[in-house]
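# Architecture and fold: a report
These are the residues of each chain, in order.
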Amino acid sequence: MEKSAVITIEGLSKVFETERMETHALSDFNLTINRGDYVSISGPSGCGKSTLLSILGLLDSPTRGKFVLNNMNVANLDASQRARIRNKEIGFIFQDFNLIGDLTVAQNVELPLTHRDMGKAERRERVMACLEKVGMTQRAEHYPAQLSGGQQQRVAVARALVGKPSIILADEPTGNLDSKNGDAVMDLLAQLNGEGVTICIVTHDSRYANYAKRVVKLLDGKVVTDSLAAQVEAA
Amino acid sequence: MEALIRDMGYAFRRLLAQPGSTLIIILTLAFGIGVNTSIFSLVNGVLFKELPFKRGGDIVEIRQTAIKAGVDNTGASALDVKDFREQNRSLEDVIEYHFMYFFIAGQSPALVKSGIVSANYFDFLGVKPALGRSFVASDDAVGAEPVVILSHEFWNSHFSADPDVVGKTLEMNGKANRVVGVLPRMPQFPEVNDIYMPTSGCPTRGDAEFINTRSSRMMSMYGRTKPGVSLQQAGSDLDMVAKRLHSTYPADYPAEAGFGVKVLSLQNELTKDIRPSLLLLLAASLLVLFITCTNVVNLTLAQQSRRQKELAVRAALGADRIDIAKKLLVESMMLALAGGAGGLLLAYFSLDLLTSFAATFTSRASEVSIDGQALAFNLVVSVATGLIVGLAPVFGKQDIVTALKEGGAHATLSRQRQKVRKLLIVGQIAIAFMLVTGAGLMIRSFVALQRIDPGFRSDDIAIATIPLDWNKYDPGAIRNFVRELRNGLSGSPEVQGVAFTTAYPFGSGIGVSLGTAVISFDDRAADAGGGKRVNFRTVSGNYFELLGIPLVAGRYISDSDDENATPVAVLSRAMAEKYWPGESPLNKRISPDQGKTWLTVVGVVQNIKGAGFDKPPIDEYYVSYAQSPSQSVNVLLRTKAAPNKVSALVKAAVARVDANQPVTKVTTLARVMSDTLSTPRMLSQVLSLFSFLALTISMVGVSGLLAFTVSQRTKELGIRMALGAEPHAVRRMILGQGLVLVAVGLVLGMVGSLLLGRLLASLIYGISSSDVFTFVLVTFLFLAVSLAACWLPAARASRLDPNAALRTT
Ligand SMILES: Nc1ncnc2c1ncn2[C@@H]1O[C@H](COP(=O)(O)OP(=O)(O)O)[C@@H](O)[C@H]1O
Ligand SMILES: [Mg+2]
């Protein structure tokens, strides 16, 4: 069966020019992520994982190279265009949750929908459906400060889901959680992938890497291995 | 004590560590406190301070009125003064006052203004001469030796402060006057004079016939209520005296004139015209102080947000809330006192400006000073400012410690601080709006005043005032003087036209005398509308032509209306319509002296504004200079020459006619008219300055708060952008936050303006204090300026790199 690619990256480089030096965070990078994939990206600190995820999430643009997202060339867009694509195509989950403290749980989850042309009732319905999915319905009117870390991250997952994005990008989603809460979040992601959501997560914890179907290992801005999880286990 | 010194040292080091913001805060406070100190000195000196005489607050003006004849102040005759003094039971004493000009012969011709007063005058005021003696009762006697008392200023300027001046003579109008005393330096009352004379010194007042004519009224009367006697009680007491006089001497108080007497607080009378303007200034300066205080509180709060860590560490080390509050208070007190000192300097340097402004409307100008009361005011305001600035940030922060203890609650704390800052900004905007609308109303009113057509041409008209020595100039001599001066001036190529008058429009002061006369009509009996007091001016031929006053009927006065021709009068249209409604007044006759002379009406001219732009035109008539010569000579010249050139020209021409004759004033008509607008002009200027600063401060405040918000909320903005907020949406969000504050401020400001409008209502001309045009214009101005002020931080927010923003903590 021919799988359709959500993301195709070819010959992509990212160079940071700082005062006295150039850092090649990614060089001549190639990666394809297909619909329904669950990719885990791992590697030592500083190898370019976060940079890659920022580019995949259109928070940053590549210095060179080809980046196709859902058959659109997105390598060179202006800030507004990237914001619109982020809103529609990407769901983010961050290490430090990044919920907005002034907003309730429901309002946080609703945020991506506020940038769309969508009625209040429909937004509310989608928000409650996603909270249901992550088991946070009871806390809809609470503020982030009233939740534990694990609960906050589940809200963040709901927020990533609510816009029905093409892909969910998660940068160290378990980094600020204890192992019990970390496991819960990873279970949740696995369950979502089972329901067809495409996921790409960055983690340096190999235990969590194995939740994924496919593991990409980076070293100094290059892919060193790209294998199905079963093969990794076998090797 | 030791702790206080330690806290002061700490505060001092901290303030020095950030010299920039410390300087800004001190300058802001200096401005706010300085403005208040100087306005306070002005208002206190003019309005609030008790008159600086013996029980000055109890001095009253006793004013005779003739309501039915339309006269507010008939003045008092010598017999009036005597009877009111002897018959009242509520006053300690009664004094009289009037003034006149004398000529001092000598190298340079000079005029001397002399107060002519009853012998008890200085004792009444509680003033002891610095040299010599006061007047005594015998000085008042008819034929007594002529004596004078010098004002301190005149003693300095004319006698070079000669310590042996007492006993020397001062020769005026060919008469020697012996100097018997010199006054101390003192505020003079009711006006500033060079010298003082007893009543016997005045050729009019000292004349036996005048003294015995009850209806010859020209003096002012003042008294002082006995302790415990109220103004009302004194009023009814004097009313009884007046009623008795009216029934005893009915011929001198004609019933149809409606004579009466008013007892008025002098302090009130001297200041009542300017009171609303000064109170407005005081209110405006308090608003400016509020704005500067809130601005400093705002800066302090912003600094504290940045000092969060330091405060947290201090709290962790065991400093309690009181401790922290004390440190902040010491710091703000030091700032406020430094600002107060700066304000004092500002007030000190603006004092001359204030006193010269005050001199345009009150003889109390010399009492405007940075005195003990002003210093106390300055100190109180500074300390209050320090308290407000120091305590406002702590106020409502009961949870500062709990917040710190809870840890991670910094956000709550700074959000609370934000809320206080937002409130302050809203307040600033509201006040700035009030000040700007106030200034806008004053300016619109000022423009409206200037646009009023006075009814005559004022461009290229120069005026010279030449009060003739009454000792030397009889009617014939005046005619000759005027004729020769006209010839001398007309010959000059600079001069396109010449005319003479006793009183030019808007004119007042030395040598300018608008006459008033009780007129009779030969076409009706005296009781049928006769006996009305009307103003008149004496004018030469060419007067109406020169000023472009249009003719309504008949003809103008000409130079051939001289002593050999029939006496004529030209009426203002208002007078013509009042006394001959629907009828031509031409060839009717009026008499200014109960029928001794009759003037034939030969013309009617258009009304002019005579006294001020905002005053209604008065009924008046004009008589011919050649037919009733007066020593009050004012030359009007049509010329394009510069004032100093005109001055030289006129002085030379006058000197050719009479080398000893002074020219007291050379000015332009435009200048004279513009001077009558000095109060509205000053109010417009001061309010404009205040409102410009208020607008700037409040807009810098909004902009700063937004920039601060953006920097505090960078992470949140990053999150929103990551989730799809486009740059323009971010910009709109930040703009919206700023504009909401502005909108709330504007609404409050409008309410405040409408409430304060009543203070303004009496000061503005031609528009209402809730003038829609001004309000709309100012609202748009605020929206435009605040859009600009909010745009910068909003645009910066929209250009944030979401990736970098997400990484901030
Ligand atoms: N904004 C930046 N400016 C300069 N250098 C950067 C920037 N972001 C990342 N880098 C550099 O790029 C490299 C990759 O960083 P990153 O992608 O954050 O690594 P990882 O997430 O794998 O730890 C590092 O050497 C880092 O120092
Ligand atoms: Mg990383």
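Note that the coordinates shown come from a computational prediction; the quantities given were computed from them, not determined experimentally.

Residues and elements named next belong to chain A. Along the chain, L53 turns up in helix 1 (residues 49–56). In the structure, L53 is positioned 12 residues away from I41 in sequence and 9.2 Å away in space, judged by C-alpha atoms. Those residues in contact with L53 that sit more than four places away from it in its chain are L169, A170, D171, C200 and V202.

Before going further, it helps to examine the domain arrangement of chain B. Residue and element names in this part refer to chain B. Here the domain parsing of chain B yields domain 1 (56–271) and domain 2 (461–676). A C-alpha centroid distance of 30 Å is found between domain 1 and domain 2. Taken together, the contact between domain 1 and domain 2 spans 13 residues of the former and 14 residues of the latter. Buried area between domain 1 and domain 2, both sides added, is near 1100 Å², and the carbon and sulfur share of it is 67%. Inspection of the region where domain 1 meets domain 2 yields 0 salt bridges. At the boundary of domain 1 and domain 2, one finds 1 residue pair in polar contact (both at pLDDT 80 or more). No other element matches the 4 residues that strand 2 (residues 91–104) contributes to the side of domain 1 that touches domain 2. Residue classes in the side of domain 1 that touches domain 2 are distributed as 9 nonpolar, 3 polar and 1 charged.

Glancing now at the UniProt feature "domain: ABC3 transporter permease C-terminal" (unreviewed entry) in chain B. Under the UniProt annotation, "domain: ABC3 transporter permease C-terminal" (unreviewed entry) lies at residues 283–394 and 689–802 of chain B. Secondary structure across residues 689–802 of chain B comprises 84% helix and 0% strand; the distance between its end C-alpha atoms is 43 Å.

Let's shift gears to the site of ligand 1. Residue and element names in this part refer to chain A. What surrounds ligand 1 is the set F16, T18, T23, A25, S45, G46, C47, G48, K49, S50 and T51. In the environment of ligand 1, an oxygen atom lies 3.1 Å from a nitrogen or oxygen atom belonging to the backbone of G48. In this structure, T51 approaches ligand 1 through a side-chain N or O atom, which is 2.5 Å from an oxygen atom. When residues of the shell around ligand 1 are traced back to their parent elements, those giving at least two are strand 2 (22–34) and helix 1. Top contributing element to the shell around ligand 1 by residue count: helix 1, with 3 residues. Taken together, the residues of the shell around ligand 1 sort by class into 3 nonpolar, 7 polar and 1 charged.

Each side of the interface is counted separately: chain A has 21 residues, and chain B has 17 residues. Summed over both sides, the interface between chain A and chain B buries roughly 1700 Å², with carbon and sulfur atoms accounting for 57% of that surface. Seen at the junction of chain A and chain B, the total is 2 salt bridges. Going through the elements one at a time, helix 2 (79–89) and helix 3 (105–114) of chain A are the ones with two or more residues in the side of chain A that touches chain B. Among the elements that line the side of chain A that touches chain B, the one with the most residues is helix 2 of chain A, at 6 residues. Looking at the side of chain A that touches chain B residue by residue, the class counts come to 10 nonpolar, 5 polar and 6 charged.

Let's shift gears to helix 15 (residues 475–490) of chain B. Every α-helix carries 3.6 residues per turn, so stepping three or four residues along brings you back to the same face. All names here are of chain B. Under the 1.5 Å per step criterion, the end-to-end length of helix 15 is 22 Å for 16 residues, consistent within 8% with the ideal 22 Å. Every buried residue of helix 15 is accounted for by A477, I478, R479, F481, V482, L485, R486 and L489. At its buried positions, helix 15 is contacted by strand 11 (461–467), strand 12 (495–501), strand 20 (632–639) and helix 18 (643–657).

All names here are of chain A. Taken in spatial order, the 4 strands of this open sheet run 2-1-4-5, and their pairing is antiparallel. What marks the edges here is a single partner per strand, and that holds for strand 2 and strand 5 (72–73). Pairing geometry for strand 4 (residues 64–69) and strand 5, over 2 bridges, is antiparallel. The residue of strand 5 that forms the bridge with V68 is N73.

Here the focus is the pairing of strand 1 (residues 5–17) of chain A. Both faces of the sheet carry side chains from a regular strand, because those side chains alternate between them. Residue and element names in this part refer to chain A. Across 9 bridges, strand 1 lies against strand 2 in antiparallel orientation. Note that in strand 2 the partner of L12 across the bridge is F29. What sits between strand 1 and strand 2 in their antiparallel hairpin is a turn of 4 residues. In the sheet, strand 1 pairs with strand 4 via 5 bridges, with the strands oriented antiparallel. For S13, the partnering residue across the bridge sits in strand 4 and is R64.

Unusually for a residue other than glycine, A:L58 sits at a positive phi of about 60°. Following the sequence through the fold, A:L58 ends up in the loop between helix 1 and strand 4. Notably, B:R55 is not glycine yet its phi reads approximately 40°, a positive angle. Within the fold, B:R55 resides in the loop between helix 2 (19–48) and strand 1 (59–66). The class of B:R55 is partly exposed, set by a relative accessible area of 28%.

Residue and element names in this part refer to chain B. Residues L337, L379, V383, L387 and L391 make up a contiguous nonpolar surface patch of about 380 Å² in total accessible area. Top element by residues in the nonpolar patch is helix 12 (residues 372–391). It accounts for 4 residues. Here L391 lies in helix 12. The exposure class assigned to L391 is partly exposed, which follows from its relative accessible area of 39%.

All names here are of chain A. Strand order across the open sheet formed by 6 strands is 6-7-8-3-9-10, with mixed pairing between neighbours. Either end of the sheet is taken by a strand with one partner, and the two such strands are strand 6 (90–93) and strand 10 (222–228). This sheet shows a mean twist of 15° between the axes of neighbouring strands, independent of strand direction. Strand direction decides the pairing type here: strand 9 (residues 214–219) and strand 10, joined by 6 bridges, are antiparallel.

What counts and how
- Residues numbered from 1 in each chain as written.
- Chains lettered and ligands numbered in written order.
- Predicted model: local features only at pLDDT ≥ 70, side-chain atom pairs only at ≥ 80, totals over all residues.
- Heavy atoms only, no water.
- Helix = DSSP H or I, 4+ residues; strand = E, 2+ residues; numbered from the N terminus.
- Contact = heavy atoms within 4.5 Å.
- Domains from an automatic or database assignment.
- Buried area = accessible area lost by both parts, 1.4 Å probe.
- Salt bridge = Lys/Arg side-chain N within 4 Å of Asp/Glu carboxyl O.
- Polar contact = N/O pair within 3.5 Å; in protein donor to acceptor, adjacent residues only side chain to side chain.
- Nonpolar A, V, L, I, M, F, W, Y, C, P; charged D, E, K, R; others polar.
- UniProt positions renumbered as here; feature names shortened; annotations may be inferred.
- Near = heavy atom within 4 Å.
- Expected span 1.5 Å × (residues − 1).
- Buried < 20%, exposed > 50% of the residue type's maximum accessible area, 1.4 Å probe, protein only.
- Pairing = 2+ DSSP bridges.
- Patch = residues over 30% accessible without salt bridge, like charges linked within 9 Å, V, L, I, M, F, W, Y side chains within 5 Å.
- Areas by Shrake-Rupley, 256 points an atom, 1.4 Å probe, with all protein chains shown as cover.
- Axes fitted to C-alpha atoms, helices over the stretch in contact; angles between N-to-C directions.

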